[in-house]
Amino acid sequence: MLRSSVSRITSLRGLASNAVRKNLTIGLIPGDGIGKEVIPAGKQILENLNPKYGLSFNFIDLEAGFQTFLDTGKALPDETVRILKEQCQGALFGAVQSPTTKVEGYSSPIVALRKQLGLYANIRPVKSVSGTNDRPCDMVIVRENTEDLYIKIEKTYTDPVTGTKVAEATKRITEVATRKIATIALDIALQRLKQNGHATLTVTHKSNVLSQSDGLFREICKDVYESNKNKYSGINYNEQIVDSMVYRLFREPECFDVVVAPNLYGDILSDGAAALVGSLGVVPSANVGPEIVIGEPSHGSAPDIAGKGVANPIATIRSTALMLQFLGHPEVAKDIETAVDANIREGNIKTPDLGGKSTTQQVVDDVLSKLV
């Protein structure tokens with residue numbers, strides 16, 4: 001959880017019109033695998049919030065995912081996008097079962113959603129609960145969400161010299177997208193500075209090899225910081241080559257505060273960082289754009305446990321809190337996070353990924369019992 005560090009982040013991303021909304025329409029997109037088991041957990045949390053907040057919710061069930069592709073020929077139906085754009089302020093997205101080999105006509109629906117809805121930032125807090133980890137961890141990984149290798153421009157051709165296949169992918173880094181992601185990362189760091197009295201931004205790149213693409217990312221991040229020195233002067237500014245970043249992430253997690261990275265590095269780093277807090281099943285994320293926020297657990301579809309009722313709902317519950325926080329309801333988000341922390345600290349009711357024997361619903365019920 002970002003604690004109160006992003007309690008005012010709504011104004012930073014231009015969702016002021018949503019900040020005061022008390023009636024919110026939330027799209028529910030389970031996707032594949034355990035997504036169908038954890039998204040209902042997020043819905044239950046919203047349905048059982050304390051009436052003191054005066055919040056009410058309308059829910060719309062929406063389709064997307066690999067199974068949707070198999071059933072309809074489209075992984076992301078036009079109707080899903082239309083409803084999200086026209087009716088929803090927020091959404092919860094479960095998981096996608098993306099095949100590891102090419103399937104003609106299929107493309108990841110969450111990647112497409114990020115592009116079509118302008119969800120330029122993926123915010124992934126990785127935070128241990130006090131008293132449960134030997135190595136305390138409290139960082140926010142801010143991942144650029146719309147470009148890099150994820151633009152999915154690839155080609156395969158035959159090398160005329162060797163007669164063998166060659167595959168190429170385009171890596172795109174733009175000044176516009178980098179300025180946006182650097183700004184929101186620095187603004188999150190600024191809020192943490194106000195909360196904690198100190199803050200560090202670490203820009204992750206590989207510009208020693210990719211001098212133009214990652215070089216541009218590095219250059220623009222630094223320019224955003226230096227061009228706004230009066231605003232960000234109290235923030236420590238660091239850079240880290242991505243391979244040494246991975247090493248230090250596991251050796252010295254306490255050294256990192258806010259980390260900003262291009263799309264691919266941010267994806268890898270945030271999944272790896274989940275090991276620091278026990279499981280991907282407890283790590284949330286929020287896809288943030290100018291008109292809508294989509295909460296999304298960091299885990300995948302986990303087909304090996306799908307349908308068994310033992311998927312960890314914590315990441316989805318935390319993602320639900322993040323969604324509310326970015327929609328201008330930080331106190332509600334704080335209460336949800338406090339309830340989750342209590343569940344983890346007690347350690348009595350937990351799913352198998354954390355060494356327990358509890359079911360998904362038992363964890364949800366325990367968190368609900370702790371909501372004030």
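Looking at an unreviewed UniProt entry, one finds the chain named homoisocitrate dehydrogenase and attributed to Maudiozyma barnettii. Looking at the chain in UniProt, the text filed under Sequence similarities (unreviewed entry) is "Belongs to the isocitrate and isopropylmalate dehydrogenases family." You can read under Pathway (unreviewed entry) in the UniProt record for the chain the words "Amino-acid biosynthesis; L-lysine biosynthesis via AAA pathway; L-alpha-aminoadipate from 2-oxoglutarate: step 4/5."

Undergrad: Could you give an account of the pairing of strand β7 (residues 165–169), naming the residues involved and the relevant values?
TA: The sheet contact formed by strand β6 (residues 154–158) and β7 spans five bridges and is antiparallel. In the sheet register, Tyr157 faces β7, and the bridge partner there is Val166. Here β6 folds back onto β7, and the loop between the two strands holds six residues, one of which, Gly163, carries a positive phi near 75°.

Undergrad: Tell me what's going on with the sheet that holds strand β5 (residues 138–144), and back it up with residues and numbers.
TA: Read from one edge of the open sheet, 10 strands run β2-β1-β3-β12-β11-β4-β5-β10-β8-β9, paired in mixed fashion. Bordering the open sheet on either side are β2 (56–61) and β9 (236–241), each of which pairs with just one other strand. Taking each pair of neighbouring strands and ignoring which way they run, the sheet shows an average axis angle of 25°. When strand β4 (residues 121–127) meets β5, the two strands line up antiparallel, connected through seven bridges. Opposite Val126, over in β5, you have Met139 as the bridge partner. Across the sheet, helix α11 (residues 263–273) lies against β4, β5, β8 (200–205) and β10 (258–261), angled at about 150° from β5, the strand it touches most.

The rules behind these values
Residues numbered from 1 in each chain as written. Predicted model: local features only at pLDDT ≥ 70, side-chain atom pairs only at ≥ 80, totals over all residues. Heavy atoms only, no water. UniProt positions renumbered as here; feature names shortened; annotations may be inferred. Pairing = 2+ DSSP bridges. Helix = DSSP H or I, 4+ residues; strand = E, 2+ residues; numbered from the N terminus. Axes fitted to C-alpha atoms, helices over the stretch in contact; angles between N-to-C directions. Contact = heavy atoms within 4.5 Å.

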